[in-house]
Amino acid sequence: MKPTTPPKTYRVKSFGCQMNVYDGERMGELLAAQGITPAPEGEDADLVVLNTCHIREKATEKVYSDIGRLRREDGTSPLIAVAGCVAQAEGEEIMARAPAVSMVVGPQAYQNLPAMLERAVSGQRSTEMDLAAEAKFASLPQRRTAPPAAFLTIQEGCDKFCTYCVVPYTRGAEISRPFAELVAEAQRLVEGGAREITLLGQNVSAWSGEDAKGHRTGLAGLVRELAKIDGLARIRYTTSHPADMDEEIIAAHGEIDKLMPFLHLPVQAGNNRVLKAMNRSHTVESYLRLLERFRAARPDLALSGDFIVGFPGETEAEFEDTLKVVDEVGYAQAFSFKYSPRPGTPAAGMEGQVAPKVLKDRLKRLQDRLNRDQHAFNTASVGRTCEVLVERKGKLPGQWLGKSPWLQSVHFESDAAIGDLVPVTLTEAGPNSLRGTVRESVAA
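All values derive from a computational prediction rather than experimental measurement.

A. Representation of helix α10 (residues 247-255). Within α10, the full set of buried residues consists of Ile-249, Ile-250, Ala-252 and His-253. What you see down the axis of α10 is that its buried residues fit within an arc of 155°, all on one side. The inward-facing, buried residues of α10 contact α9 (219-226), β13 (234-238), β14 (262-264) and α12 (284-297). Measuring from the side-chain oxygen of the N-cap residue of α10 to the backbone nitrogen of Glu-248 gives 3.2 Å; that N-cap residue is Asp-246.

Below, the structure written as structure tokens:
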């Protein structure tokens, strides 16, 4: 690699989960602190960071396709950094297969990106794979501005070792960021413009720490403390594991107005034999009882989940059990995927890998029901008046787009501004969003 001119502009392309969106934002802040500015829309960037996700099928090969697409018509390429979970999993293999890549950095080491960039400009390629997340957060710049709906990572890594999942290998063991550090960062986000904060973690419900009085506390205790921040109107959290949902967080949903009536709680499958093969510690029955307790605490709670179809050995009858769970719960939103083997995970070597045609058929049948239920939830919301947090302009003149308390996208016309909480009566439901009309106040 030859020495190159220091980049003036950058673009971060993040794929996958909200954790990656958060990481992408923080990498942008690191680069901005070096005097590098975001590339204008539609223009080439001098530096491109591909912030990858390993959850999707054929994720690794897609990275190489993305790298190839960055090649310009004159044969040159920008400086390229590959970050995220594929970077952690593939490491030196990316360097060997893709000479155009200057930097490969794992999700717990991207605080080293400025130093890696300095080496890249001088002609040196480098990789950073450190899994010490504590060092990452200590090294990141403090955030002084924030969007109306901001993310705050409170926990990283996972100790559950589900047999299909690479997260324990790419993100490392579970760590919780300190209580005081999180409260201070949340306060800065609100001062910087945030009205809503979503607490993030690979297993966010496993967060624990010591509060200001030195008492051990969990996620509910952190939520209660953040709810005291003036100017913070909404709190959300994702993603949770059923095994770590305790009575305190259930009670918090019924007692804290700022904690939004939305719960994302993955079940993955609706059959106990499949769940055991996945190394999920819950059963269908325990999962459904847990949802009942949440709904008892907060009757208007909207539920969201994750599903994997075609896990190795899954029979048609076992898949039908998943459809029964969907019918019983009535999810307001959900994410669903075909099983695909991840190298190094136990499930990749299991017998009974399901044929691609069967995977496709089962996913369609599942998604048909999930889409049905999402549309039904939206339709049942028509006539309700709620506060909508304005996040951006819509496509039409005078139109705004924001989120309801139940995380529904709502379009409406108003003279509002980004960051406003606007009382809106929901008037029309579509499969993925609603329309509304501004009202003087939210109905009691």
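B. Fine view of unusual backbone geometry. Between Thr-238 and Thr-239 the backbone carries a cis peptide bond, its omega angle lying at 5°. Along the chain, the position of Thr-239 falls in the loop between β13 and α10. With a phi angle near 55°, Phe-161 is a residue other than glycine that sits in the positive phi range. One can find Phe-161 in the loop between β8 (155-156) and α7 (167-170). Positive phi, normally seen in glycine, also occurs at Asn-279, with a value near 65°.

C. Representation of the environment of Ser-176 within the structure. Its place among the elements puts Ser-176 in strand β9 (residues 175-176). Exposure remark for Ser-176: the relative accessible area of 27% places this residue in the partly exposed category. Remark: the alpha-carbon pair of Ser-176 and Ser-208, spanning 32 residues in sequence, is separated by 6.2 Å. Excluding its chain neighbours within four sequence positions, the residues that come into contact with Ser-176 are Ile-154, Gln-155, Ala-206, Trp-207 and Ser-208.

D. Up close: the UniProt feature "domain: TRAM" (unreviewed entry) in the protein. With numbering aligned to this structure, UniProt lists the feature "domain: TRAM" (unreviewed entry) at residues 379-440. Each end of residues 379-440 is marked by a C-alpha atom, and these two atoms are 23 Å apart; helix forms 5% of the span and strand 55%.

E. Seen up close, the environment of Asp-306. Checked against the element boundaries, Asp-306 lands in strand β15 (residues 302-309). Separated by 162 residues in sequence, Asp-306 and Arg-144 place their C-alpha atoms 34 Å apart. Setting aside its immediate chain neighbours within four residues, Asp-306 contacts His-264, Pro-266, Val-267, Gln-268 and Phe-335. Polar contacts involving the side chain of Asp-306 include one to the side chain of His-264, which spans 3.1 Å.

F. Region of interest: the sheet that holds β15. If you walk across this open sheet you meet the three strands as β14-β15-β16, and the pairing is parallel. Two strands close off the open sheet at either side, each with one partner strand: β14 and β16 (333-338). Adjacent strand axes in the sheet meet at a mean angle of 10° when their direction is disregarded. Helix α14 (residues 356-381) rests against β15 and β16 of the sheet, and its axis sits at about 175° to β16.

G. Highlighting the packing of aromatic side chains. Scanning the model with the defined rule gives five aromatic pairs in all. Judged by centre distance (5.3 Å) and plane angle (90°), the ring pair of Phe-307 and Tyr-331 falls under edge-to-face. Separated by 24 residues along the polypeptide, Phe-307 in strand β15 and Tyr-331 in the loop between α13 (316-329) and β16 bring together distant segments of the chain. This pair shows no difference in class: Phe-307 is buried, exactly as Tyr-331 is. Taken together through their ring pairs, the aromatic side chains of Tyr-164, Phe-311 and Tyr-339 make up a single cluster. The residue whose ring lies beneath Arg-97 is Tyr-64, and the NZ or CZ to ring-centre distance is 3.8 Å. Here the guanidinium or amino end of Arg-384 rests over the ring plane of Trp-406, the centre of that ring lying 4.0 Å away.

Calculation notes
- Residues numbered from 1 in each chain as written.
- Predicted model: local features only at pLDDT ≥ 70, side-chain atom pairs only at ≥ 80, totals over all residues.
- Heavy atoms only, no water.
- Buried < 20%, exposed > 50% of the residue type's maximum accessible area, 1.4 Å probe, protein only.
- Helix = DSSP H or I, 4+ residues; strand = E, 2+ residues; numbered from the N terminus.
- Arc of directions from axis to C-beta.
- Contact = heavy atoms within 4.5 Å.
- Polar contact = N/O pair within 3.5 Å; in protein donor to acceptor, adjacent residues only side chain to side chain.
- UniProt positions renumbered as here; feature names shortened; annotations may be inferred.
- Pairing = 2+ DSSP bridges.
- Axes fitted to C-alpha atoms, helices over the stretch in contact; angles between N-to-C directions.
- Phe/Tyr/Trp six-rings, centres within 6.5 Å; stacked < 30°, edge-to-face > 60°.
- Lys NZ or Arg CZ within 6 Å of the ring centre and 35° of its normal.

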